[in-house]
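Summary of the model geometry
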Amino acid sequence: AQKITQTQPGMFVQEKEAVTLDCTYDTSDPSYGLFWYKQPSSGEMIFLIYQGSYDQQNATEGRYSLNFQKARKSANLVISASQLGDSAMYFCAMRERGYSSASKIIFGSGTRLSIRP
Amino acid sequence: EAGVVQSPRYKIIEKKQPVAFWCNPISGHNTLYWYRQNLGQGPELLIRYENEEAVDDSQLPKDRFSAERLKGVDSTLKIQPAELGDSAVYLCASSGRDRANYGYTFGSGTRLTVV
């Protein structure tokens, strides 16, 4: 069965520092996708970055990058030069069966990131 | 283009009362999902629709929860009667062939408080 594990319930980081949020996953499907979402206190789920299991390079989106280590089944999110507005909950998520609109996403338990000025 | 629209944004009700949430997905998205997110946890799937058919409702507490998606577009999630433990954020998401956000777009959610 598919599973997402986030072992850091909360993190505090100084503004402008880089931060790594950990995520490990478990699946027997060779075709899957990994997501990171940001959820501010307002509640909406904001898509940050996506990594496909067959992608050769690590995904990057602006200040966000995904450190994808397939053999270790880890997909850590790296935020460079953190900003106060990065304070939020961050969820790692996975979808099996490749790119299929009919696949459901499962989520980890989240990491609450707090940026100190 | 409008995203996934949910209403109401917030709802406070007394226990044993009924409540309903509404979701309008992105135009053309055939798949619609309802997730429940308890405080401090990740969202969990309640039900998934393919057009108007519920194809995965294994996690939906059917004794008090019901959902429908008429004409394969808008969807309504209902709880009757509500219990204190139903307090949560209810998120709607849709997906389709346009691959926006790599397949998933979430609404802003409905925050339900049962008192």
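As the structure is a computational prediction, the values presented were derived from the model and not from experiment. (Residues numbered from 1 in each chain as written. Chains lettered and ligands numbered in written order. Predicted model: local features only at pLDDT ≥ 70, side-chain atom pairs only at ≥ 80, totals over all residues. Heavy atoms only, no water.)

A short note on the interface of chain A and chain B
Many authors give the size of an interface as the accessible area that is lost as the parts come together. Note the threshold: Note on contacts: a residue pair is in contact if any heavy atoms of the two residues lie within 4.5 Å. By definition, the buried area sums, over both parts, the 1.4 Å-probe accessible area that each loses when the two are put together. Should a side-chain nitrogen of Lys or Arg be within 4 Å of a carboxyl oxygen of Asp or Glu, the pair is scored as a salt bridge. Think of a polar contact as two N or O atoms within 3.5 Å of one another; within protein, one of them needs to be a possible hydrogen donor and the other a possible acceptor, and neighboring residues in sequence only count if both atoms come from side chains. What counts as a helix is a DSSP run of H or I of at least four residues, what counts as a strand is a run of E of at least two, and both are numbered from the N terminus. Residues are grouped as follows: Ala, Val, Leu, Ile, Met, Phe, Trp, Tyr, Cys and Pro are nonpolar; Asp, Glu, Lys and Arg are charged; every other residue, Gly included, is polar.
On the side of chain B, 25 residues touch chain A, which itself brings 21 residues to the contact. Between chain A and chain B, the buried area comes to about 1900 Å², and carbon and sulfur atoms account for 54% of it. At the junction of chain A and chain B, the tally comes to zero salt bridges. At the boundary of chain A with chain B, the tally comes to four residue pairs in polar contact (both at pLDDT 80 or more). Here the side of chain A that touches chain B gets three residues from one element, more than from any other, and that element is strand E5 (residues 32–39) of chain A. Broken down by class, the residue content of the side of chain A that touches chain B amounts to 10 nonpolar, eight polar and three charged.

Some remarks on the nonpolar core
Worth spelling out the cut-off: By nonpolar core is meant a set of buried Ala, Val, Leu, Ile, Met, Phe, Trp, Tyr and Cys residues that side-chain atoms within 4.5 Å join together. Accessibility here uses a 1.4 Å probe with only protein chains present; expressed as a share of the type maximum, an area under 20% marks a residue as buried, one over 50% as exposed, and anything in between as partly exposed.
In this structure, A:Trp36, A:Leu77 and A:Tyr90 are the most contacted members of the largest nonpolar core, which totals 26 residues. With four residues, the single largest contributor to this core is strand E10 (residues 88–96) of chain A. Counting 21 residues, the second-largest nonpolar core is a separate cluster that includes B:Val4, B:Phe21, B:Leu46 and B:Ile47.

Here we look at the layout of surface pockets
Using the following cut-off: A cavity here means a set of points on a 1 Å grid, drawn over the protein atoms and nothing else, where a 1.4 Å probe fits but cannot get out; a pocket is an open set with protein on both sides within 12 Å along at least five of seven lines, and a residue lines either one if it has an atom within 4 Å of a point. Grid points are joined across faces, edges and corners, and a volume is the space filled by probe spheres set on the points.
Estimates place the volume of the largest pocket at around 290 Å³. Of the residues forming the lining of the largest pocket, the biggest block, three residues, is contributed by strand E11 (residues 110–114) of chain B. Each residue belonging to the lining of the largest pocket can be placed in one class, and the counts come to seven nonpolar, nine polar and two charged. In this structure, the second largest pocket occupies an estimated 230 Å³ of space. What lines the second largest pocket is A:Gln2, A:Lys3, A:Ile4, A:Lys104, A:Ile105, A:Ile106, A:Phe107, B:Tyr35, B:Pro43, B:Glu44, B:Leu45 and B:Gln59. Going through the elements one at a time, strand E1 (3–5) and strand E11 (105–107) of chain A together with strand E5 (44–50) of chain B are the ones with two or more residues in the lining of the second largest pocket. Among the elements that make up the lining of the second largest pocket, the one with the highest residue count is E11(A) (three residues). For the lining of the second largest pocket, the residue count by class is seven nonpolar, two polar and three charged.

Observations concerning the state of the cysteines
Short version of the rule: Disulfide: a pair of cysteine sulfur atoms within 2.5 Å of each other.
All chains considered together, the criterion is met by two disulfides over all chains. Residue A:Cys23 pairs covalently with A:Cys92 via a disulfide, S to S 2.0 Å. When the S-S torsion is -65 degrees, as for the bridge of A:Cys23 with A:Cys92, the disulfide is left-handed. Of this pair, A:Cys23 sits in the loop between strand E3 (19–21) and strand E4 (24–26) while A:Cys92 sits in strand E10, and the two are 69 residues apart along the sequence. Among the residues examined, A:Cys92 registers a relative accessible area of 0% and is labelled buried. At a sulfur-sulfur separation of 1.9 Å, the disulfide partner of B:Cys23 is B:Cys92. Judged by the sign of its S-S torsion, about -70 degrees, the cystine formed by B:Cys23 and B:Cys92 is left-handed.

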